[in-house]
Amino acid sequence: MKPLFILLVSIAWTFTGAQHYYQGLMDYLENRLLAIEDRMTLWHEQSHRYHTDMKDFKKLVSEAVDGLQNEHGTLFKNLEGAAVRVDRLEREMDYVESQTSPRACADKADKVVEQEAWGLQERRGEEDEDWEEDYSRVLDCVEIISGIKSVKIVKRVGSPKGMWTRDPRTSKVYVFNGTSGDTVLQFDSARDFSRSAGVGGIISLPSEWSGPGSAVYDNYLFYVTQEAGADVQVIKYDLLTGVVTDITMFPMESHASVYKLNPEIVADLVADDEGLWLLYAASDSEPNISLAKMDAATLDIEQIWDTRCPRENAEAAFVVCGTVYVVYNTRLASRSRVQCVFDVNEVVVSEEEPLLYFPRRYGAHASLKYNAEEKQLYGWDDGYQIIYRLTMKRKLLA
Ligand SMILES: *[C@@H]1O[C@H](CO)[C@@H](O)[C@H](O)[C@H]1NC(C)=O
Ligand SMILES: *[C@@H]1O[C@H](CO)[C@@H](O)[C@H](O)[C@H]1NC(C)=O
C-alpha cells in the first residue's frame, strides 16, 4: 500500500510541475508573437508612407520636366529670332562699311553678277541710284585665296635673301639680289629668266634700294631707299626713260622692320590694279603691321590702317584684292603659314580666313610677291626662286 501511495504522489507532483512549465512557455511565445505583430504593423505603416512620398516625388519631377521642355521650346524659338536679327544686322553693317571704305580691286564681270544678286534680295521700292552705286563698291573685289595648288622651283641664283617679281603689265621679270643694292636685273620673260645663267639686263638706279620690298608695275619701279642718317623715302622710277618721276617721305619716323623675321625690310611695297600698298611698322614699339594705300601716280597716301597682324614671327605679306595676308614662321625656319588676314573692306569674315600652309621648303621666305594676273606668288627661299600657284574662291557676301 505504501509504495503505491508514493507513486501517486510523485505522479501528481510531476503533473503539476509540467503543467506549470508549459503554461510559462505558452505565455512567452504569445508575448513574442505580439511584439512581432506590433513591429510588422509599424513596418507596414512606414512602407506605406515611403510609397506615398515616392509617388509625390515622381509627380513633382514629371511636372518639372514638363516645365523645362516648355522653356526649352520658347528658348529655341527666341534663339531663332535672334539669329535672323543678327543676320540682318550684319548685312546692314556690311552696307554701312561699304560706304566708308575705299574700293579694292575691280573685276567688271563679277561686279555685274554681284549687283544682280543683291538687287534681287534688297530691291527697294523707289529708285535710289546713289545707294546702288555706293553699294557696288564693296562688291568690286570678290576673291579670296583658298589654297596653294602647286609649287615650281624655277632657279637658284644669287644670295640667300632677295626678291623677284614679274610686271603684270609687261611680263618682264625683275631680280633684286641680296638685301640692298643699286642695280636690278631685268629679263624679258619668266622663260628668259629660267633659261638664262642668271645674268640679265642690268639696270642701275640713282639711289640704293633697301630690303627686298620693291614692286614693279607697268614699267614703273617702286622702291624704298634708306640712306644713312636720312629719312626713309619711297621712289617711283620710270624703267623706260630711266628717270625718277616721284619721291615721297615715309609715313613714319622709325627705321623699324615690318617683319621681325626679315629685319632688312623696313617697308614692303605692293603694286596692283588698285594702286600702291605700303606695309610698314609705325614705330619700333608698335607690335602690329600698318598698311597704307597710296596713289600710284602721285605717291599720295590715301588711307592708313592698323592691320592688327603682329610683326613678331612674320616673314612676309602680300595683298590680294584689298586683303593683306601675313605669312608667319619661326626663327628656326619650319613651315610658313598665312596666319593673319586683314581685309580693308572687312568683307572677309573670320570664318573664311584661310589658314594656309606652304609646302615644306629649304629655309624661310625672304620675300613673297603676288601677281594678280597669274594668281601666283613669286617667292625667294634661301636663294631659290619659287612660284606658288594659288587657288581662289569667292568671298562670302552675307
Ligand atoms: C647675287 O649676289 C651674290 C652675293 O653678293 C653674288 O655672289 C651673286 O653672283 C649675285 N647673283 C647675281 C645673279 O647677280
Ligand atoms: C595689335 O593687334 C591686336 C590684335 O591682333 C590687338 O589686340 C592690339 O590692341 C593691337 N595693338 C595695337 C597697339 O594696336
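Further up the page is the structure itself.
Residues numbered from 1 in each chain as written. Chains lettered and ligands numbered in written order. Predicted model: local features only at pLDDT ≥ 70, side-chain atom pairs only at ≥ 80, totals over all residues. Heavy atoms only, no water.

Asker: Explain the overall build of the protein residue by residue, including any values.
Answerer: For the protein, the helix and strand inventory stands at 4 helices and 20 strands. Put simply, the protein has 398 residues, and 40% of those count as buried. Considering only contacts within the protein whose residues lie at least 6 apart along the sequence, 53% involve residues at least 24 apart. Of the accessible surface of the protein, which amounts to about 22800 Å², a share of 54% is contributed by carbon and sulfur atoms. (Helix = DSSP H or I, 4+ residues; strand = E, 2+ residues; numbered from the N terminus. Buried < 20%, exposed > 50% of the residue type's maximum accessible area, 1.4 Å probe, protein only. Contact = heavy atoms within 4.5 Å. Areas by Shrake-Rupley, 256 points an atom, 1.4 Å probe, with all protein chains shown as cover.)

Asker: I'd like a description of the site of ligand 1, backed by residues and values.
Answerer: Taken together, G158, S159, N177, L185 and G198 form the complete shell of residues around ligand 1. A distance of 3.4 Å separates an oxygen atom of ligand 1 from a polar atom in the side chain of S159. For ligand 1, the accessible surface in isolation is 360 Å², of which the surrounding protein chains cover 41%. (Near = heavy atom within 4 Å. Polar contact = N/O pair within 3.5 Å; in protein donor to acceptor, adjacent residues only side chain to side chain.)

Asker: Residue-level account of the pattern of salt bridges, with values.
Answerer: For side chains bearing opposite charge, pairing can occur when the charged atoms are close. For the coordinates displayed, the defined rule picks out 8 salt bridges. Linking E264 and K161 is a salt bridge whose minimum nitrogen-to-oxygen distance equals 3.1 Å. Note that E264 is positioned in the loop between β9 (243-249) and β10 (267-272) and K161 in the loop between β1 (143-156) and β2 (162-166), a separation of 103 residues in sequence. The class for E264 is partly exposed, based on a relative accessible area of 27%. (Salt bridge = Lys/Arg side-chain N within 4 Å of Asp/Glu carboxyl O.)

Asker: Report on the site of ligand 2, specifying residues and quantitative values.
Answerer: Lining the immediate environment of ligand 2, one finds E286, P287, N288, D306 and R308. Between ligand 2 and the protein, one listed contact pairs an oxygen atom with a side-chain N or O atom of N288 at 2.4 Å. In this structure, an oxygen atom belonging to ligand 2 sits 3.0 Å away from a side-chain N or O atom of D306. When the free accessible area of ligand 2 is taken as 370 Å², the share hidden by the protein chains comes to 42%. Tallied by class, residues from the shell around ligand 2 come to 1 nonpolar, 1 polar and 3 charged. (Nonpolar A, V, L, I, M, F, W, Y, C, P; charged D, E, K, R; others polar.)

Asker: Lay out the state of the cysteines with the relevant residues and their values.
Answerer: By the definition in use, this model includes 1 disulfide. Between the sulfur atoms of C309 and its disulfide partner C340 the distance amounts to 2.0 Å. Residues C309 and C340 share a disulfide whose torsion about the S-S bond is about -80°; that sign makes it left-handed. Of this pair, C309 sits in strand β13 (residues 301-310) while C340 sits in strand β16 (residues 337-343), placing them 31 residues apart in sequence. In this structure C309 comes out as buried when scored by relative accessible area, which is 0%. The class of C340 is buried, set by a relative accessible area of 13%. (Disulfide = S-S within 2.5 Å.)

Asker: Can you break down the sheet that holds strand β14 (residues 314-320) residue by residue, with the values?
Answerer: The strand order across the open sheet formed by 4 strands is β14-β15-β16-β17, and the pairing between neighbours is antiparallel. A single partner strand is all that each edge strand has here, and the edge strands are β14 and β17 (356-357). (Pairing = 2+ DSSP bridges.)

Asker: Quick rundown of the environment of Y357? Include the residues and the values.
Answerer: If you trace the backbone, Y357 turns up in strand β17. We classify Y357 as partly exposed; its relative accessible area is 40%. Along the chain, Y357 and V338 lie 19 residues apart, while their C-alpha atoms are 6.6 Å from each other. Excluding anything up to four places from it in sequence, Y357 contacts I148, R335, S336 and R337.

Asker: Give me the nonpolar core: which residues, what numbers.
Answerer: The biggest cluster of nonpolar side chains holds 20 residues, and the ones touching the most others in it are I145, F318, V320, Y325, V338, L368 and L377. Residue assignment for this core shows that the elements contributing at least two residues are β1, β14, β15 (323-328), β16, β18 (365-371) and β20 (384-394). Per-element tally for this core: the top contributor is β20, with 5 residues. Excluding anything up to four places from it in sequence, Y325 contacts I144, I145, A316, A317, F318, V320, V338, C340, V341 and P354. Membership of the second largest hydrophobic core comes to 19 residues, among which are Y259, V270, V324 and F342. (Core = buried A, V, L, I, M, F, W, Y, C linked by side-chain atoms within 4.5 Å.)

Read these as geometric descriptors, not functional statements.
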